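# Coordinates in review
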Number of protein chains: 2
Amino acid sequence: MGIMKYDSGTGELAGWLVEESAFDPRYLGKCEAVFCQGNGYLGLRNALEEEYVGETRNLFVTGTFDRFDANEVTELPNMPDMTKIVLWIDGKRFSMEQGTLYDYHRTLNLKNGETVRRFEWESPDGKRIRFEFRRMASLDNEHVMASKVSVQPLNEGIDLKIVSGINGRVSNSGSQHFSEGKRRLYDYKYLEMVSETIQSNVTAALHCAHKFFINGTPVQPELLPVIDRRVIYLSAVQKVKARETFCLEKYCTVHTTRDMAYKALSKDDAVTALKEDSKASIMEVYQSDYAALMEASQKQWAKIWEDQDIIIKSQDPFDQLAMRFALYHLNIMVKKDDNRVGIGAKAMSGEGYKGHSFWDTEVFILPYYMMTQPETARTLLEYRYNTLSGARKKAAQNGYAGAMYPWESAWMDDGEVTPLWGEADVVTGETLPILTGLIEQHISADVAFAVWEYYNVTRDEDFMDRYGYEIIFETARFWASRLEWNQEKNRYEINDVIGPDEYSEHVNNNAYTNYLAWYNMDLALKLAGQLKESQDTKKQQVFNRLDQALDLKELETTVKEKISKLYLPEPDPETGIVPQFDGFFDLKEIDLTKYRESSVVGTIYNDYNMEQISHMQVLKQSDLVVLMYLLDDLFDPENKKKNYEYYEARTLHDSSLSKSTHSVLANDLGLHETAYRFFKGASSVDLGEEMRSSNAGIHSASMGGVWQSAVLGFGGVRIVGGELRICPSLPEEWTELDFHMIWRGTKLFVKVEPHQVTVTASGNPVSFELVYEWVTLENNMSVTKPIQK
Amino acid sequence: MGIMKYDSGTGELAGWLVEESAFDPRYLGKCEAVFCQGNGYLGLRNALEEEYVGETRNLFVTGTFDRFDANEVTELPNMPDMTKIVLWIDGKRFSMEQGTLYDYHRTLNLKNGETVRRFEWESPDGKRIRFEFRRMASLDNEHVMASKVSVQPLNEGIDLKIVSGINGRVSNSGSQHFSEGKRRLYDYKYLEMVSETIQSNVTAALHCAHKFFINGTPVQPELLPVIDRRVIYLSAVQKVKARETFCLEKYCTVHTTRDMAYKALSKDDAVTALKEDSKASIMEVYQSDYAALMEASQKQWAKIWEDQDIIIKSQDPFDQLAMRFALYHLNIMVKKDDNRVGIGAKAMSGEGYKGHSFWDTEVFILPYYMMTQPETARTLLEYRYNTLSGARKKAAQNGYAGAMYPWESAWMDDGEVTPLWGEADVVTGETLPILTGLIEQHISADVAFAVWEYYNVTRDEDFMDRYGYEIIFETARFWASRLEWNQEKNRYEINDVIGPDEYSEHVNNNAYTNYLAWYNMDLALKLAGQLKESQDTKKQQVFNRLDQALDLKELETTVKEKISKLYLPEPDPETGIVPQFDGFFDLKEIDLTKYRESSVVGTIYNDYNMEQISHMQVLKQSDLVVLMYLLDDLFDPENKKKNYEYYEARTLHDSSLSKSTHSVLANDLGLHETAYRFFKGASSVDLGEEMRSSNAGIHSASMGGVWQSAVLGFGGVRIVGGELRICPSLPEEWTELDFHMIWRGTKLFVKVEPHQVTVTASGNPVSFELVYEWVTLENNMSVTKPIQK
C-alpha cells in the first residue's frame, strides 16, 4: 500500500503535485480518474499511452448525450481515443509490466494541469531506456489536447516503431454510441475521423497530427498509414542511437455539432461548419508545438489560481494538496459558459453515472461556485431552468402538477434518465430495480433551495426574474400536488419516497423530504406575495407573466392550505431525536463495525440485500445531518448534537456526499477533532489510497464537499436568514486558512488563524456577521476578530 | 521465431497435436485462430483465460447475422464471452507476462478438439505454481462449451480469487450488435444473459455454471455475484495450500432464436422456447462434468476421423499434421444440417470478412465435401438456392436479368453485403472503395459450376430437380443479360469487371470471367435441352415448372445467340499466353522480388496504391491458373505450362487461395518439386510461423486448398468430362497417401505409394479412369496400378 504521494512538489511546486510513485496495475483505474484532465468542454481520463489489461480510456465532450437503444438511458458517449500511443521496441510491444522499472513517477501538476510520467526501464533483453510522457488538455483552447513522448536509449540503440492515431474501437462498457465514421489522412500528416452518435445524431470530428524529433531536431521517420475498422493510425519507424533522445509530439483536437459555436445552426449547416472548422483547427494547432500549447494553457491556469487558490497551512501537506486537487477538478468539470449542460456525478472522468447530473450539483458543488464564481453558478442554475420542460413532463407522467425534476438529468429535454435496473441482489440473484428515478423526489426542493441560496449570495434580480421565480413556483406546485392527505391524522404526508439515505426505500414522511418540500412551498408563497405587492415595474411584469402562465393566485391558495397541514417530524420530546422516517426507531439495530471499518463502500450489500437493509437502522448517509446542515436554524443546538450523534453511529458513509457534510456539522457542534477526521475522509474519497473507489470516475460532489468542509466548516461561512455569517474555527493541525469569496459582488479575502480571523473587502460596502458580531466593510477595508475556541 | 511445433504428439497422439511451445504475446491472434474450436453451430476463438493486451475474444453462432447501422453491412456478431477466467493470486491479477514461465505448452488435439495449456509459473514474489487449462466445444451437443482450470501451488499456499462468468462487453471491433441484455443468477449457480441483436432481433441466451474441487473433492469457495453493465460474474475466493490442486470446471451453453429448433416458430414463441430450453440445457449440462462432456464429444470426433482421416507418410511430420489440421477445421466450419447458412471466409474463427461467404466455398472448399460428405455439399448448395432471392434482387438493382450472386453473402435474403469501403490509399490517404461487390461477378458462374460438379460426383437428381437446374438457368440468364455487344469487333464482351486476381480492377474481357460465363451459359443450354426432351415424368415436371417461371425457350434462344458470339481470349499464337484481360501485355513489368519474398501478404500496398498496381503486370493470384485448374481440358498441356509459368512469375500469392491451386496445377504439369513447395505454402497459410496472418481468423478456403493439393493434386483425383479420373503422383518426400472419397454413392479407398496406387471400392459398382486406364470396381474389390513418374 501507499503508492500515492502528496508532498513530492518542492520549491514552486510544493503543494501542487499529486504523485503516483510506483506503477501498480491495480491502481490503473484510480489514477486514470484522479489524474483526469480537461477544461469543462472535454474530460480526458489519464489512461497511459501504452495499453494495459484493465485500463479504461475515456474522452468525453460535454452535452453530446446519446442513447444506445430503447433499453438504455441517454449517456455521455465515450469519444474515439487519441491517448493510446503504442511503442514497439526492437519488434516487441513496450509494457511496463515487462522488464524492470526504475525511478517511476507520474505526477499531475495542479498548477498547470499537465501530467508527466518519467522512468527508466530495462527491457527483458537488457536495453536501458529513459522515458518521459507528458500530456495536457488545453485551458486556452478547449478543443485541444497534446502529448509528448520522449524515448532515450541509454546503453544501446533501438529500433523504434510508434503506432498512434485515432481509435474508435472504444465504447461505454460495451455500448457503442458512434457510427464507424469516415477516416481520412491528409498530406500524410493530419488524421481525421468524423463519426456520428447513433441516436442523437451528434457529429464529432476528431483530428490529430504528429511531429518527430531527435535531440530536438525535426526528423521524418518512415511512415505508413493504417486505416482499419473504426481506426486510423500512423505507424512511424525510426532507429534511435544510444544517448539520442527521440521525441514525438502529438496534437489532438475534438469538435462536435453540439459545440456552442453551432448552437444556432441547423444540423446540416453545423456539420458543414464543423468539418471546415475542425480541419482548420488541427492545421492551426500543428503550426504550434507542445511547449507553446502548454504555455498558453498554463497562462489560463495562472488566472484561475490567482483568483481561486485557497491556502491551508497544515501539519500535513496532504490537506493543502487535497484542497487544490478539489479546486482543480471543480474548475475542469463544468463548461462555465454553456447553460445547456450540468455537472456529471463523476464529472467527465469516467463512465460512472453516465455523465448525469444529480442533486449533488445543487447541494454539494454549487455553494463553491455561488461564493467564488457566481456567473458559473448562474449558468448551472440556468441549466435547471432549461430542463424545466423535462421536469414538467416527468410531473405530468406521474400525475402531478408543476415541475418534478429528474433524479438524473442529461440533455435538456430528456427528462428522467435514471436507469431502471442496477446491480445484482446477492440473495435472489436478480438484477435490482433502481427506484431513485421514481421515488427519490427531494431533488425538486433541492433545486429550489439552491436558487434561493444563489439569490441570497448574489442578489441577482435578473436571474430571479428570468428563471428563479419560475423554478421555485413550479417546484412548489409539484409539492402541493404531491402531498397526500391522511384523514385519520388530519395532516398531509409525503409517502413512499427515498430520502438522501438510499439504504431505505419506500419510506413515509422522510424528514429531509418533508422539511425541504415545506421550505420550497413556503419560499414560493413568500416570493409570490412579494412579487404581487412589489412596486417595481420589472417585478410587476414578472408577476404578470408568471401569473398568466402558472396562475399564481391559485398557487398561493393551494400552497397556503396544504403547507399548514404538512406533517413535519419533530424531535422526540424525550430523546430529542427526529425520526428519519415513519417507524425508523422500530427497525432492528445490528452491529455495523465491520462495514464502518471497511475501506470499501457498499460492503453491506455483500451480506444483505435491499429488502433486508430496509429493515435495519443502517444509513448510507444521514438525512438528518444534511437537513440540519442546510436548514441551520431548524433545531436547537442541543437537539442538533443529539441527532448528529444518534444518526452518525448508524451511518456507513457509503455515499461520497456524507463525510463533508458531517465535517461541517461536527465543526458547528464543536467536535473539532471529528470534523478534521471527516475532512480527511472527504479529501480521501478520490485522493486516498483506496485503489478502486475512483475507477468509474472522481466524485464531483466530494470535490465540492472538500471546499465546503474547509470554507463552510473550518472557515465558518454560512448563510443564515439570507445573510452572511463567518465564524471560523481551525482544526488543531492547521495554522492558517486563506480563502476568498464573493458576497453580493464584493470580494472578501478571509484569513483564518487559530486565534483570529481577518476579512478584507474589495468592492462595494458589505455587511455580515463575523464571529457573532455584525460588521460592515468598505472597499479595501479589513477587520480582524479574535476567535475563542 | 519458431514457437509452433508440429511433432510433439507421441504414441497415439503422433500426428495429432498442434503445439505452441512458448508464450509470445505477438502470436496471440494467430494462436487464437489456429486453436479455434467449434462444431459448425458455434466457433470459439482460443483466447486465453486471463486477459492480454492485443487479444481478441470471439464466439460466433452461425446465422445470427446483424447490421450495426445503415453505414455498415450485416455481419456475424460477436457473442458475449465466457472464456475469460480472471485469476487473482494473493491479490494480484495473474498474467504470464509477469514472473517466470517454465515448460510452457499449449496444444490443440486434433483428434478430440481439446486445447490444453500447461506450464509452471514463478510469481514475482517467488511462489511456484503449476497451471493447466483445458477447453472444449462439444461435437456431441452443439450448444456446449466447457473449461477446466487447475491450479497447484508447489512451494507455498496461495489466496486464490477467480472471477468468471459472462461478459457482454465484447463487440465486433467496436461495433456492438447486442442489447445490454437481462442478467440473472439462479441458485447461486447458473449465470444467465439474454440479449438481442439490435437490428435483426436475434435473441441469444448464454448460460454458464461452475464447479470447484480441491484434489478432486468438491469444495464451495466463498462466492459473490457481480452484475454490472453487460456483465454477470461470480467471484470465488479460496485458500489453496501447497501441493493441493484447486480445480474449476466451467460449463457454458449458447442458444439463439436462429437455432434450427425454432425455425418454424414466430419470434415470440421462439423467445419463450429459447428461454426454457436454454435454462434446462445448462441445468442438464451441470449434472455432467468436464470429463464426461469431453468423452461424449470425443466419441463424435472418433466417428469423424474414422470416416475422414487422410494418412500422409512424409519425411516431414508437418505434412500429416497440416492435412489433419485442415480436416479439423473443415469439419467445424460448417453446420452440416442447416441450409440457411454458408461458410465464412474465416469460418467462425475471427471477425475477418464478417462471417460472409465468397466464391471460396464453391471453388476451394466444396470439392472436399462433394467427395467425402456429399450431404454437406448439398446443404451448402441449398444455401445458394436459398439466397436466390437476394441474387435476383442484386441482378435487378444492376439492370440485369436472372440471378447475380452477391460477392459476399450473409443471411438468406440479405443480397449483396460487401462493404463499400476498405483500407487506406497510401498515396492519397483516402479510404479505398471496395469494388468487388459491384464488379467481381464471376461468382455467379462459380456457383453454377459447383452445382454441376456436385451433380457429376453424386448424380443427385433430386437436388437438380429441386434446386440445381434453377440455379444454373438463373445464372445463365444473368450472364446473357450481362454481355455487352461490341459493334466494331462484332462480338459480345464482358467489360469492367474484377477477376479472381483482385490486383486489377475495371478490366475488360477477363479470361476467367469470360470462360466461366460461357461455361455457365453453355451448361444451361445443354441442360434446358435435355430437360425439354427428357422422357422422365419427373424431369418433365421440372421443365414445366421452370419454363413457367423462367421461360426456358426464351432463355435458350437468347443464350444460343449470345454465346456463339462471346469473346473468349485465346492463346497468343506466338507465345501461347492467354491475356488475363484486354491489354495485360501492355502493362509495365516491375521487379517483384521484394514482395514475392515477403512473409507477409499485401506488402505491395505499402509502396503502391490500387491505381498504380492496376498499371503493372502484378497478380494477387493467377486467373489463368485457376481457370486451367477448373476447366482442365481448355488448353493443351504445352500452352497450359507456358501460361502457368508466365503468370506464376508475376504472382505475389497474396491470396490464400493461390498456392493450393498452383500446387495442383504444378503437379499436373509435372513440376513435382514446385507442387510440393506450394503444398507447404498452402499448409502454412495458417499453421506456419508467420505471426499475423491468421489474426482475423483462419483461411477457410486454404483448408479446402490443402485437401485439394493432397487429394486432387498428389492424389490426382479430377472430374474430367463429368467422369472421375485418378492419376496420382506423390512428391519425393512422401512414401504414402491414403484417402477416401465417395463417387456416386460408392466409397473409394485410395492408397497411393510412390510407384503404385490401390483403389478399393465399397458400395455399388463404379467405373473411372485410373492412371490412364478405365476400370470398374465391384463392392469390396481392389485394383492396383503402377505409377510412372
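We now turn to the structure provided with this report. Throughout, a residue's number is its position along its own chain's written sequence, starting from 1. Chains carry letters from A onward and ligands carry numbers from 1 onward, assigned in written order. Totals for whole chains, interfaces and linings use every residue, but because this is a predicted model, local features are given only for residues with pLDDT of at least 70 and side-chain atom pairs only at 80 or more, for both listing and counting. Computation of side-chain values: all heavy atoms of the structure, hydrogens and water removed.

### Thoughts on the overall build of chain A
Operational definition: Secondary structure follows DSSP: runs of H or I at least 4 residues long count as helices, runs of E at least 2 residues long count as strands, and numbering of each begins at the N terminus. Based on C-alpha atoms, the radius of gyration is set beside the globule rule, defined as 2.2 Å times the residue count to the power 0.38. All accessible areas in this document rest on Shrake-Rupley with a 1.4 Å probe, and a residue is counted as covered only by the protein chains that are shown. Counted charges follow a simple rule, with Lys and Arg positive, Asp and Glu negative, and His plus the chain ends left uncounted. In plain terms, the charge of a residue is placed at NZ if it is Lys, CZ if Arg, CG if Asp and CD if Glu.
Of regular secondary structure, chain A possesses 20 helices and 32 strands. The C-alpha radius of gyration of chain A comes to 27 Å, within 12% of the 28 Å expected for a compact globule of 789 residues. Principal axes of the C-alpha set define a box for chain A whose edges measure 85 × 60 × 60 Å. For chain A, the accessible area works out to roughly 27500 Å², and carbon and sulfur atoms hold 47% of it. Distance from the positive charge centre (85 side chains) to the negative charge centre (118 side chains) of chain A: 4 Å.

### Re the packing of helix 4 (residues 317–332) of chain A against helix 5 (residues 359–372) of chain A
Residue and element names in this part refer to chain A. Just so we agree on the cut-off: To get an axis, a line is fitted to the C-alpha atoms, and for a helix only the part in contact is used. The angle between two axes follows their N-to-C directions and goes from 0 to 180 degrees. Oblique is the label for any angle not under 35 degrees, not over 145, and not in the 65 to 115 range, which are roughly parallel, roughly antiparallel and roughly perpendicular in turn. The contact definition used throughout considers only heavy atoms, calling two residues in contact when any of these lie within 4.5 Å. Ten residue types, Ala, Val, Leu, Ile, Met, Phe, Trp, Tyr, Cys and Pro, are classed as nonpolar, four, Asp, Glu, Lys and Arg, as charged, and the remainder, Gly among them, as polar.
At a closest axis distance of 12 Å, the pairing of helix 4 and helix 5 adopts a crossing angle of 85°. By the criterion of interaxial angle, the relationship of helix 4 to helix 5 is roughly perpendicular. Here helix 4 contributes L327, L330 and N331 to the contact with helix 5, which in turn contributes I365, Y368 and Y369. Residue composition of the contact of helix 4 with helix 5, by class: five nonpolar, one polar and no charged.

### Focus: the pairing of strand 26 (residues 723–726) of chain A
All names here are of chain A. Applied cut-off: Only protein chains enter the calculation, and the probe is 1.4 Å; a residue is then buried if its accessible area is under 20% of its type maximum, exposed if over 50%, and partly exposed in between. By the convention used here, strands pair only if DSSP detects at least 2 bridges between them.
Residue alternation in strand 26 divides its side chains into a buried set, L724 and I726, and an unburied set, E723 and R725. The loop that links strand 25 (residues 717–720) with its antiparallel partner strand 26 comprises two residues; one of these, G721, has a positive phi angle of about 55°. As defined by bridge partners, strand 26 adjoins strand 30 (residues 766–770) across two bridges and the pair is classed as parallel. Within the sheet, the bridge partner assigned to I726 lies in strand 30 and is L770.

### Looking at the pairing of strand 15 (residues 203–214) of chain B
The side chains of a regular strand alternate between both faces of the sheet. Residue and element names in this part refer to chain B. When you tally the buried positions in strand 15, you get twelve out of twelve residues, the bulk of the element. With burial as the criterion, each face of strand 15 is covered, one bearing T203, A205, H207, A209, K211 and F213 and the other bearing A204, L206, C208, H210, F212 and I214. Here six bridges tie strand 14 (residues 190–196) to strand 15, and the two strands are oriented antiparallel to one another. Bridging across to strand 15, M193 finds its partner in L206. The antiparallel pairing of strand 14 with strand 15 creates a hairpin that spans six residues between the two strands, and N201 there sits at a positive phi of about 55°. Bridging between strand 15 and strand 19 (residues 246–256) involves eleven bridges; their strand directions are antiparallel. Within strand 19, the residue paired with H210 across the bridge is K250. Relative to strand 16 (residues 217–218), strand 15 is paired through two bridges, and the arrangement is antiparallel. Bridge assignment links I214 to a residue of strand 16, and that residue is T217. Where strand 15 hands over to strand 16, the hairpin turn is made up of two residues, of which N215 adopts a positive phi near 50°.

### What about empty space enclosed by the protein?
Residue and element names in this part refer to chain A. The following threshold applies: A cavity here means a set of 1 Å grid points, computed over protein atoms only, where a 1.4 Å probe fits but cannot escape. A pocket is an open set with protein on both sides within 12 Å along at least 5 of 7 lines, and lining residues have an atom within 4 Å of a point. Grid points are joined across faces, edges and corners, and a volume is the space filled by probe spheres set on the points.
Under the defined criterion, the tally for this structure stands at 15 cavities of 30 Å³ or more. Taken as a whole, the largest cavity holds about 190 Å³ of empty space. Along its surface, the largest cavity is lined by 14 residues, and P367, F449, E453, Y629 and L712 are the ones closest to its centre. When contributions to the lining of the largest cavity are tallied by element, the ones reaching two or more residues are helix 5, helix 9 (443–458), helix 16 (623–630) and strand 25. With five residues, helix 5 is the single largest residue contributor to the lining of the largest cavity. Taken together, the residues of the lining of the largest cavity break down into ten nonpolar, no polar and four charged.

### Remarks on the interface of chain B and chain A
A common measure of how large an interface is: the accessible area buried when the components associate. This is how the line gets drawn: Buried surface area refers to the total accessible area, computed with a probe of radius 1.4 Å, that the two partners give up upon joining, counted for both partners together. Here a salt bridge means any side-chain nitrogen of Lys or Arg lying within 4 Å of a carboxyl oxygen belonging to Asp or Glu.
Contact with chain B, which involves 49 residues of that partner, is made by 49 residues of chain A. Counting each side, the surface lost to burial between chain B and chain A is near 3900 Å², with a carbon and sulfur contribution of 50%. Considering only the surface of chain B that becomes buried against chain A, V53(B), I227(B) and R229(B) emerge as the three largest contributors, covering 17% of it. Taken together, the links from chain B to chain A amount to six salt bridges.

### A look at the packing of aromatic side chains
What counts is decided by this rule: When the centres of two rings from Phe, Tyr and Trp lie within 6.5 Å, Trp using its six-membered ring, the rings pair. Their planes under 30 degrees apart give stacked, over 60 give edge-to-face, and anything left gives tilted. Cation placement over rings: the criterion is NZ of Lys or CZ of Arg within 6 Å of the ring centroid and within 35° of the ring normal.
If you walk through the whole model with that rule in mind, you get 90 aromatic pairs over all chains. A centroid spacing of 6.0 Å and a plane angle of 55° characterise the contact between F23(B) and Y104(B), whose relative ring orientation is tilted. In this pair, F23(B) sits in the loop between strand 2 (17–20) and helix 1 (28–34) while Y104(B) sits in strand 8 (residues 100–109), placing the two residues 81 residues apart along the sequence. F23(B) sits in the buried class, given a relative accessible area of 16%. Accessibility expressed as a relative area gives 5% for Y104(B), which makes it buried. Here the aromatic residues F23(A), Y52(A), F94(A), Y104(A), F119(A), W121(A), F131(A) and F133(A) are joined through ring pairs into a cluster of three or more. Residue placement shows R650(A) over the ring face of Y646(A); its charged tip is 3.8 Å from the ring centre. A cation over an aromatic ring shows up here: R230(B) above the ring of F68(A), its NZ or CZ 5.0 Å from the ring centre.

### Thoughts on the relation of the copies chain B and chain A
Going by this rule: Residues reaching a pLDDT of at least 70 in both copies supply the C-alpha atoms on which the copies are superposed by least squares.
Taken as rigid bodies, chain B and chain A are interconverted by a rotation of 180° and an axial shift of 0.0 Å, the fit giving an RMSD of 0.0 Å. What the rotation and shift describe, once combined, is the action of a two-fold rotation axis. A share of 100% of the interface residues of chain B reappears at the interface of chain A, consistent with the copies meeting face to face through the same patch.

### Quick word on the packing of helix 16 (residues 623–630) of chain B against helix 18 (residues 658–668) of chain B
All names here are of chain B. Which entries qualify depends on this criterion: Rotating anticlockwise by less than a right angle from the far helix to the near helix defines a left-handed crossing, while the corresponding clockwise rotation defines a right-handed one.
Close contact between helix 16 and helix 18 brings their axes to 9 Å; oriented N to C, the two are set at 60°. In this view, helix 16 runs oblique relative to helix 18, as classed from their interaxial angle. Between helix 16 and helix 18 lies a crossing of left-handed hand. Contacts between helix 16 and helix 18 involve V625, V626, M628 and Y629 from the former and T661, H662, V664 and L665 from the latter. The class makeup of the residues in the contact of helix 16 with helix 18 is six nonpolar, two polar and no charged.

### Focus on the sheet that holds strand 5 (residues 59–61) of chain B
Residues and elements named next belong to chain B. Spatially, three strands are ordered 3-4-5 in an open sheet, and the strand pairing comes out antiparallel. Two strands close off the open sheet at either side, each with one partner strand: strand 3 (37–38) and strand 5. Pairing geometry for strand 4 (residues 42–44) and strand 5, over three bridges, is antiparallel. Residue pairing in the sheet places L42 in a bridge with V61 of strand 5.

### What about the pattern of salt bridges?
The final tally for this structure, using the stated rule, is 124 salt bridges over all chains. Notably, a salt bridge pairs E723(A) with R744(A), separated by 3.3 Å at the nearest N-O pair. Taken together, the residues E723(A) in strand 26 and R744(A) in the loop between strand 27 (734–743) and strand 28 (746–753) connect sequence positions 21 residues apart. A network of salt bridges, in which partner residues are shared, links E72(A), E75(A), K354(A), R229(B) and R230(B).

### Focus: the state of the cysteines
Our working definition: Sulfur atoms of two cysteines make up a disulfide when they are within 2.5 Å.
Under the criterion given, the structure shown has zero disulfides over all chains. C208(A) takes part in no disulfide bond, and the closest cysteine sulfur to it belongs to C252(A), at a distance of 5.2 Å. The class of C208(A) is buried, set by a relative accessible area of 0%. In this model C36(B) remains outside any disulfide bridge; the closest cysteine sulfur is found in C31(B), 12 Å from its own.

### Considerations on unusual backbone geometry
For N780(A), which is not glycine, the phi dihedral falls at a positive 65°. Positive phi, normally seen in glycine, also occurs at D551(B), with a value near 55°. Its location among the elements puts D551(B) in the loop between helix 12 (537–550) and helix 13 (552–564).

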